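A closer look at the structure
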Amino acid sequence: MRNKIVAGNWKMNNNSSETAELLTQLISKIPETTAEVMVAPTFVNLAQAVKQLSTSSMEVVAQNMHFAENGAYTGEISANMLQSIGIKTVILGHSERRAYFGEDDALLAKKVDAALKANMRVIFCFGEELQDRKSDNHFKVVETQLKNGLFHIDKGQWKQIVLAYEPVWAIGTGETASPEQAQEMHAFIRKTIAGAYDQETAEMVTILYGGSVKPGNANEIFSKPDVDGGLIGGAALAADDFAAIVAAI
Ligand code: PGA
């Protein structure tokens, strides 16, 4: 059985007191579940979140990291720094990092290596843009992102990988991929991994869907056989919505 995961990506939202308040609400509202529940506050609030959730089963994860262990990279954060405050998982390759901060597949491959070397778990994000889907190139784009960013890792390292398929046209737009579109792409992703590695690896990896998941559509999306959970943006900022999405898994 693959792990089910619901992860909230808070992006650049919530200052210190807002973070504490949202976490307090989540602690009381998140239902009992066998799925893993994760929250990703911004860097400066990670340490306080780890402390606040020390007796909760929710995991605090980071939204990004640098590939170097340390050095002259003003403004950046390393795997070791994250681990030193108790962070074990990092989101890499989010479409906003790719689009606004110029993160390309080659850079992401280096970040993946750094995270794996530090024994961290990676939530690796990828997905096509609207024009790719319109021109029927979405499978090719996704395959290329996976190959270039991830397929250099060893079979054994897949234990540390969670995938998050996030079609860019569905992120923060209110437009969701249909459950059928999500299932079709997730099945394609698994087939691609089976081709590059083997069936066992493909069956083991957790593949999240992300892009305007809401309480009203989570059930249907999560009911698809190759969808193992969600990476949630906007709806992760409201405790009731996030709790409802967790209940849907
Ligand atoms: P959204 O964001 O749920 O607001 O569309 C998803 C994401 O960016 O991971």
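Refer to the preceding data block for the structure.
Residues numbered from 1 in each chain as written. Predicted model: local features only at pLDDT ≥ 70, side-chain atom pairs only at ≥ 80, totals over all residues. Heavy atoms only, no water.

1. Some points on the environment of Val 227
Within the fold, Val 227 resides in the loop between α10 (215-222) and β8 (229-232). For the pair Val 227 and Ala 187, spaced 40 residues apart in sequence, the C-alpha separation works out to 8.7 Å. With residues up to four places along the chain from it excluded, the contact list for Val 227 reads Lys 4, Ala 182, Gln 183, His 186, Ile 207, Tyr 209, Ile 221 and Phe 222. (Helix = DSSP H or I, 4+ residues; strand = E, 2+ residues; numbered from the N terminus. Contact = heavy atoms within 4.5 Å.)

2. A look at the site of the ligand
Inspection of the region around the ligand gives 13 residues, with Lys 11, His 94, Glu 166, Gly 172 and Ser 212 positioned closest. At 2.6 Å, a side-chain N or O of His 94 approaches an oxygen atom of the ligand. Starting from 280 Å² of accessible surface for the ligand in isolation, the protein chains cover 97%. Taken together, the residues that form the shell around the ligand break down as four nonpolar, seven polar and two charged. (Near = heavy atom within 4 Å. Polar contact = N/O pair within 3.5 Å; in protein donor to acceptor, adjacent residues only side chain to side chain. Areas by Shrake-Rupley, 256 points an atom, 1.4 Å probe, with all protein chains shown as cover. Nonpolar A, V, L, I, M, F, W, Y, C, P; charged D, E, K, R; others polar.)

3. Some remarks on the nonpolar core
In terms of nonpolar packing, the biggest core is built from 66 residues, with Leu 26, Trp 158, Leu 163, Ile 189 and Phe 242 touching the most fellow members. Ignoring sequence-local partners within four residues, the contact set of Ile 189 consists of Phe 126, Val 142, Leu 146, Leu 163, Tyr 165 and Ile 207. (Core = buried A, V, L, I, M, F, W, Y, C linked by side-chain atoms within 4.5 Å. Buried < 20%, exposed > 50% of the residue type's maximum accessible area, 1.4 Å probe, protein only.)

4. Re the sheet that holds strand β2 (residues 36-40)
Within the open sheet, the eight strands sit side by side as β3-β2-β1-β8-β7-β6-β5-β4. Their pairing is parallel. For this open sheet the edge positions go to β3 (59-60) and β4 (89-92), each flanked by a neighbour on one side alone. Lying on the sheet, helix α7 (residues 138-149) is in contact with β5 (121-126) and β6 (161-165); it crosses β5 at an angle near 145 degrees. (Pairing = 2+ DSSP bridges. Axes fitted to C-alpha atoms, helices over the stretch in contact; angles between N-to-C directions.)

Geometric descriptors of this kind do not, in isolation, establish any biological role.
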